[in-house]
Amino acid sequence: MSRFLYELIGLGAGVMFILALKGLSHPRTARRGNLLGAAGATIATITVFFYSSDGQLPLNNLGWILGAIAFGLIIGVPAARRVQMTAMPQLVALFNGVGGGAAALVAIVEYLKLGQSASTTVVIATVFTVIVGSTSFSGSIVTFLKLQELMTTRPVVFAGGRFVIAGTLLATLGCAGWVVTSLGTTPLLVLAGLSLAFGILFVLPVGGADVPIVISLLNAFTGLTVAAGGYVLDSTLLIIAGTLVGASGTILTRLMAEAMGRSLFGTLFGAFTAKPQDSSGTGEDRPVKSGSADDVAILLNYARRVVIVPGFGLAVAQAQHTVRELADLLSAKGIDVAYGIHPVAGRMPGHMNVLLAEANVPYEQLSEMDEVNPTFPQTDVALIIGANDVVNPAAKTTPGCPIYGMPILDVSQAGNVIFLKRSMRPGFAGIENELLFDAKTTLLFGDAKASLTKVVSALKAL
Amino acid sequence: MEAMAIISIFTLSIFVGFEVVSKVSSTLHTPLMSGANAIHGVILVGAIIVADHSDNSLELGLSLAAIVLATINMVGGFVVTDRMLEMFKGKGAKNKGSGDK
């Protein structure tokens, strides 16, 4: 294959990526867009087997290459197919991390290969790829551990942490200078190590609720890494694809931060500036009103309007189907039922919509926050299932708390508030919810699915 | 490649990237992020190129590791995005069906 044809096909794949992102931005074309992106990536991958810069075909190490691809398929496909939809955000984080790692490795190999013959701009691009790729890799692993709750979801802040981070960053940049001037192998490996450490330190202070924003940011980082890798390898396709993801990822990160009412700066550096929170441990001892399934059924039965606020707890308990049964039952009794969906209900923007769609909840019943908030004063019962942070009034009333400024669902305006919760344990952001102690709040403790089943049968018996 | 050509491609791609996602509802944030994530898995192409260039076991080992990681990123990313969107499609199709009749 001639260089021209090879580049032309690469350009075609680049265009397919643009159309893929465009398609993914609209609900009706989203699936087609994703398939188009997959087709572009497949075409680009196949093409590379038919062009070699040294003119020799088949490619050197062909068997090894095909074996490695097969191995990647064996790991990646089942992981993507079998993952529970509730665990999907951390899988995306992990996929992003390995992409960043791959880009860093590619740059390292090309650097080893070029040795002293590398031009300064190529070395600078290599250094950029290694720093950002490694940071994205280790940072994504930390976000994975946080979302999988294999480590604490609270911000990890230690004494002098900000100096350690600043020191690591300075050392990384210094090491980058060392690589550019010495062109040695050791400096590059030290650079990779420092960047890995920086990625970990960078993500540790981020609070659980902000993790999705960080994943999106690291995703944009990986895109830029791929673009820089494309410069090192002289591949137009990689430059186009990487830059596209870098740019769209940056916009997406900003949109996400806006949807959550966070400033990007605050998310990334909030942990440095925030004072240690006074953990209001006194809250644990205060009285709450807990009720039985029958109490909840009665409250619901005599309501005219009920708004259901689903949260991650509903997803974990796999209670989507039971909640739909309850909603159908209430509708049959002539009660007006709506779902109030917070933009970040679940773990990521749009995550809850995916989960409820899985349970065939009618689309018309799903109301976004801006639609449902003005209706709470006319709502008799707000039924909150496994959600906490997205209805926590602290977001409005307590400056300095980790979710301060996040738009919330104003459930406190409703006549009655019912929480279905597993325990008094605070939500993902790790803060106490004052609403739990309010006089009009009733709590029903237990697994969301078990509680809902009990409420449904109590309601049928009425 | 000529420096100016690369700078042009880079700059134009930034604007295209900004433009295509500037108006997207929060419902689609997660699938869009996941789809973009899969697209940067195309670094697989780069990993294959360096594996072709490799002529010692260190270089080959590192590039094969890069191929494995990039394949996971690319294929896994597209598959998981499709799974997310499949659910939207089911919902949309049903609405359309009831709306038409």
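Note that this is a predicted model, so its numbers are computed, not measured. (Residues numbered from 1 in each chain as written. Chains lettered and ligands numbered in written order. Predicted model: local features only at pLDDT ≥ 70, side-chain atom pairs only at ≥ 80, totals over all residues. Heavy atoms only, no water.)

As for the UniProt feature "transmembrane region" (unreviewed entry) in chain B
All names here are of chain B. Here, the residues flagged by UniProt with the feature "transmembrane region" (unreviewed entry) are residues 6-25, 32-50 and 62-81. Secondary structure across residues 6-25 comprises 75% helix and 0% strand; the distance between its end C-alpha atoms is 33 Å. Across residues 32-50 one finds 84% helix and 0% strand; the C-alpha atoms that close the span lie 29 Å apart. (UniProt positions renumbered as here; feature names shortened; annotations may be inferred. Helix = DSSP H or I, 4+ residues; strand = E, 2+ residues; numbered from the N terminus.)

Observations concerning the packing of helix α11 (residues 293-301) of chain A against helix α17 (residues 448-461) of chain A
Residues and elements named next belong to chain A. Where α11 contacts α17, the two axes come as close as 8 Å, and the packing angle between them is 60°. It follows from the interaxial angle that α11 and α17 lie oblique. For α11 against α17, the interelement crossing comes out right-handed. Between α11, through A293, D294, V296, A297, L300 and N301, and α17, the contact on the second element is made entirely by K454, V455, A458 and L459. (Axes fitted to C-alpha atoms, helices over the stretch in contact; angles between N-to-C directions. Parallel < 35°, antiparallel > 145°, perpendicular 65-115°, else oblique. Left-handed = near helix turned anticlockwise from the far one by under 90°. Contact = heavy atoms within 4.5 Å.)

Describing unusual backbone geometry
Most of the time, phi is negative for any residue but glycine, and the peptide bond is trans. Residues and elements named next belong to chain A. At N61, a position not held by glycine, the phi torsion is positive, near 60°. You can see N61 is positioned in the loop between α2 (30-47) and α3 (62-82). Phi is positive for L183, which is not a glycine, with a value near 55°. On the secondary structure map, L183 appears in the loop between α6 (161-182) and α7 (185-203).

Comments concerning the interface of chain A and chain B
In this assembly, 97 residues from chain A lie in contact with 76 residues from chain B. Carbon and sulfur atoms supply 76% of the area that chain A and chain B bury against each other, a total of about 8000 Å² over both sides. Joining chain A to chain B, the criterion identifies four salt bridges. Note that E86(B) is salt-bridged to R31(A), the shortest N-O span being 3.9 Å. Where chain A packs against chain B, one counts 17 residue pairs in polar contact (both at pLDDT 80 or more). Contributing elements (two or more residues each) for the side of chain A that touches chain B: α1 (3-24), α2, α3, α4 (88-114), α8 (211-233), α9 (236-259) and α14 (351-358) of chain A. With 17 residues, the top contributor of residues to the side of chain A that touches chain B is α4(A). Residues that form the side of chain A that touches chain B fall into these classes: 62 nonpolar, 25 polar and 10 charged. (Buried area = accessible area lost by both parts, 1.4 Å probe. Salt bridge = Lys/Arg side-chain N within 4 Å of Asp/Glu carboxyl O. Polar contact = N/O pair within 3.5 Å; in protein donor to acceptor, adjacent residues only side chain to side chain. Nonpolar A, V, L, I, M, F, W, Y, C, P; charged D, E, K, R; others polar.)

Section: α1(A)
With 22 residues, α1(A) ought to run about 32 Å at 1.5 Å a step, and its terminal C-alpha atoms sit 31 Å apart, in line with that. When we look at burial in α1(A), the residues that qualify are Y6(A), G10(A), A13(A), G14(A), M16(A), F17(A), A20(A), L21(A), G23(A) and L24(A). (Expected span 1.5 Å × (residues − 1). Buried < 20%, exposed > 50% of the residue type's maximum accessible area, 1.4 Å probe, protein only.)

Remarks on the environment of N56(B)
Residues and elements named next belong to chain B. As for its placement among the helices and strands, N56 is situated in the loop between α3 (43-53) and α4 (57-100). Measuring from C-alpha to C-alpha, the distance between N56 and G77 comes to 31 Å, with 21 residues separating the pair along the chain. A distance of 3.1 Å separates a polar atom in the side chain of N56 from the backbone nitrogen of L58. One polar contact links the side chain of N56 to the main-chain amide nitrogen of E59, over a distance of 2.8 Å.

Observations concerning the environment of A319(A)
Residue and element names in this part refer to chain A. Here A319 is to be found in the loop between α12 (312-316) and α13 (320-332). According to the relative accessible area criterion, A319 is buried, its value standing at 0%. Taking the C-alpha atoms as reference, A319 lies 21 Å from D336; in sequence the two are 17 residues apart. When residues no more than four places from it in sequence are discounted, the contact partners of A319 are L314, A448, K449 and L452.

A closer look at the side chain of N392(A)
Mapping N392(A) onto the fold places it in the loop between β4 (381-385) and α16 (394-397). Here N392(A) falls in the buried class, since its relative accessible area comes to 0%.

Here we look at the domain arrangement of chain A
All names here are of chain A. In terms of domain boundaries, chain A breaks down into domain 1 (3-273) and domain 2 (290-461). If you average the C-alpha positions of domain 1 and of domain 2, the two centres end up 37 Å apart. Facing 19 residues of domain 1, the contacting portion of domain 2 comprises 23 residues. Summed over both partners, the interface of domain 1 with domain 2 buries about 1700 Å², with 67% contributed by carbon and sulfur atoms. Among the residues domain 1 hides against domain 2, the three largest losses belong to M85, T86 and M260. Together they make up 28% of the total. The interface formed by domain 1 and domain 2 holds zero salt bridges in total. Connecting domain 1 to domain 2 are one residue pair in polar contact (both at pLDDT 80 or more). Here the side of domain 1 that touches domain 2 is built from residues that sort into 10 nonpolar, five polar and four charged. (Domains from an automatic or database assignment.)

Some remarks on the pairing of strand β2 (residues 336-341) of chain A
Residues and elements named next belong to chain A. Of all six residues in β2, five are buried; the element is thus mostly enclosed. Summarising the sheet, strand β1 (residues 305-310) and β2 pair through four bridges and their orientation is parallel. If you follow V307 over to β2, its bridge partner there is A338. The sheet contact formed by β2 and strand β3 (residues 366-368) spans three bridges and is parallel. Note on β3: the bridge partner recorded for G340 is S367. At this point the chain moves from β2, through α14, to the parallel β3, and the crossover so formed is right-handed. (Pairing = 2+ DSSP bridges. Right-handed = clockwise from strand over helix to strand, strands pointing away.)

Some words on helix α1 (residues 3-20) of chain B
Over its 18 residues, α1(B) runs 26 Å from end to end, which matches the ideal 26 Å to within 8%, given 1.5 Å per residue. Here α1(B) has its buried residues at I6(B), S13(B), G17(B) and V20(B). Buried residues along α1(B) cover an arc of 75° about the axis, so they all sit on one side. Exposed positions of α1(B) whose direction lies more than 90 degrees from the buried face are A3(B), M4(B), L12(B), F15(B) and E19(B). In the core, the buried residues of α1(B) are packed alongside α1, α8 and α9 of chain A. (Arc of directions from axis to C-beta.)

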